[in-house]
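As a plain string of letters, each chain reads:
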Amino acid sequence: MPKFIIKTGKYQGKTLKLPERNITIGRELECDIRVADSDVSRKHCELLIRDGEMFVVDLNSRNGTCVNDIRIKAETPLQPGDQLRVGPMVFELAGTGKTVRKTINKPSNLTPETAAPLSDDDISNWLAEEVNETAPAPGDTTIFPTSMAPAAEPAPNIPPKSLKDRKEFHSVAEEAAEIIKKHWERVAQKKRENE
């Protein structure tokens, strides 16, 4: 039986057990999961269960349905760990962790017909392969080789402040007030220089 973990709203942290049938999510009273919010359409999306897998399809909702913060355009499979966003509500499909969906050429000996054990070289080559992604997902870290990095500009030669020059603040508000004061002093000075 599939389960959703509610990630937002007053039921945050609660688990929602889903029946083994198609489920509608929306604002209407007849929807299986009702989200009473103006950002949610009357019939917003539908969860479909086929062959033990769950899929979500948007029902032409006004604000769209998102899986892992990506708006879906067609029927989309949900894997454990995926987050479904319907208006302000976020549901996470419970399970044993998120499956990473990236296009990787798997070693040929992973097919059921030729299930030979993998050598250390096979595993190393497989893990070292570059992944071809068209765009990074939100929150992804992009690593550039050193050869592509722009040359660093030398830091300006500014003498460090001595301990005598540093002002001690007793609160963040006091430090913020000093920063704002110095900013306006610089603005006034630039204004006088331009006159």
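Below: a short report on this structure. Keep in mind that what you see is a predicted model, and the values were worked out from it rather than measured.

### A look at the overall build of the protein chain
Then, number 1: For the protein chain, the count of helices and strands is two helices and eleven strands.
Then, number 2: In sequence order, the secondary structure elements of the protein chain are arranged as β-β-β-β-β-β-β-β-β-β-β-α-α.
Then, number 3: Put simply, of all contacts in the protein chain between residues at least 6 apart along the chain, 30% involve residues at least 24 apart.
Then, number 4: For the protein chain, the exposed area adds up to about 15,300 Å²; of that, 53% sits on carbon and sulfur atoms.

### Looking at the sheet that holds strand S4 (residues 33-34)
Then, number 1: Strand order across the open sheet formed by five strands is S4-S3-S5-S6-S9, with mixed pairing between neighbours. The strands lining the two open edges of the sheet, one partner per strand, are S4 and strand S9 (76-78).
Then, number 2: Where strand S3 (residues 23-26) and S4 come together, two bridges link them in parallel fashion. Looking at S4, one finds that Ile 25 is bridged to Ile 33.

### A word on the nonpolar core
Then, number 1: Counting 20 residues, the largest nonpolar core has Phe 4, Ile 25, Leu 47, Val 56, Leu 78 and Leu 84 as the members making the most contacts within it.
Then, number 2: Elements with a contribution of two residues or more to this core: strand S1 (3-6), S3, strand S5 (45-50), strand S6 (53-58), strand S10 (83-86) and strand S11 (89-93).
Then, number 3: Ranked by residues supplied to this core, first place goes to S11 with three residues.
Then, number 4: The residues contacting Val 56, other than those within four sequence positions of it, are Cys 45, Glu 46, Leu 47, Thr 65, Val 67, Ile 72, Ala 74, Glu 75, Thr 76, Leu 78 and Leu 84.

### Examining the pattern of salt bridges
Then, number 1: Under the definition given, this model contains five salt bridges.
Then, number 2: Salt-bridge contacts for Arg 21 lead to Asp 32; the nearest nitrogen and oxygen are separated by 3.2 Å. Taken together, the residues Arg 21 in the loop between strand S2 (15-17) and S3 and Asp 32 in the loop between S3 and S4 connect sequence positions eleven residues apart.
Then, number 3: Its relative accessible area of 42% is what places Arg 21 among the partly exposed residues.

### Describing the packing of aromatic side chains
Then, number 1: Scanning all chains against the criterion turns up one aromatic pair.
Then, number 2: Consider the rings of Phe 4 and Phe 91, whose centres lie 5.4 Å apart with planes at 35 degrees: the pair is tilted. Linking Phe 4 in strand S1 with Phe 91 in strand S11, this pair joins segments that are 87 residues apart in sequence.
Then, number 3: Above the ring of Phe 55, the side-chain terminus of Arg 50 is found at 4.5 Å from the ring centroid.

### Quick word on the pairing of S6
Consecutive side chains along a regular strand alternate between the two faces of the sheet.
Then, number 1: As paired strands, S5 and S6 are joined by six bridges and run antiparallel to one another. The residue of S6 that forms the bridge with Leu 48 is Phe 55.
Then, number 2: From the end of S5 to the start of S6, which pair antiparallel, there are two residues, and Asp 51 there has a positive phi angle of about 50 degrees.
Then, number 3: Sheet topology note: the S6/S9 ladder contains three bridges and is antiparallel. If you follow Phe 55 over to S9, its bridge partner there is Pro 77.

### Looking at the sheet that holds strand S8 (residues 70-71)
Then, number 1: Strand order in the open sheet made by the six strands is S2-S1-S11-S10-S7-S8, with antiparallel pairing throughout. The sheet is open, and its two borders are formed by S2 and S8, each paired with just one other strand.
Then, number 2: As judged from the two bridges shared by strand S7 (residues 65-67) and S8, these two strands associate in the antiparallel manner. Bridge pairing in S8 links Cys 66 to Arg 71.

Parameters and conventions
- By convention here, each chain's residues receive numbers from 1 onward along its written sequence.
- Local features in this predicted model are restricted to residues whose pLDDT is 70 or higher, and side-chain atom pairs enter the listing and the counts only when it is 80 or higher, whereas totals over whole chains, interfaces and linings include all residues.
- As a convention, hydrogens and water are excluded, and side-chain values are obtained from all of the structure's heavy atoms.
- For helices the rule is a DSSP run of H or I covering at least 4 residues; for strands it is a run of E covering at least 2, with both sets numbered from the N terminus onward.
- We call two residues in contact when some of their heavy atoms are within 4.5 Å.
- Under the convention used here, a 1.4 Å probe and the Shrake-Rupley method define accessible areas, while residue burial counts only the protein chains that appear.
- We treat two strands as partners when DSSP finds at least two bridges between them.
- To define a nonpolar core, start from buried Ala, Val, Leu, Ile, Met, Phe, Trp, Tyr and Cys residues and group those joined through side-chain atoms within 4.5 Å.
- Think of it in three bands: with a 1.4 Å probe and only protein chains considered, a residue is buried below 20% of the maximum accessible area for its type, exposed above 50%, and partly exposed in between.
- The working definition used for a salt bridge is a side-chain nitrogen of Lys or Arg within 4 Å of a carboxyl oxygen of Asp or Glu.
- Any pair of Phe, Tyr and Trp rings, taking the six-membered ring for Trp, is counted once the centres come within 6.5 Å. Such a pair is stacked with planes under 30 degrees apart, edge-to-face with planes over 60 apart, and tilted for the rest.
- Only Lys NZ and Arg CZ are tested; either one counts as a charge over a ring when it is within 6 Å of the ring centre and within 35 degrees of the ring normal.

On their own, these measurements won't tell you what the molecule is for.
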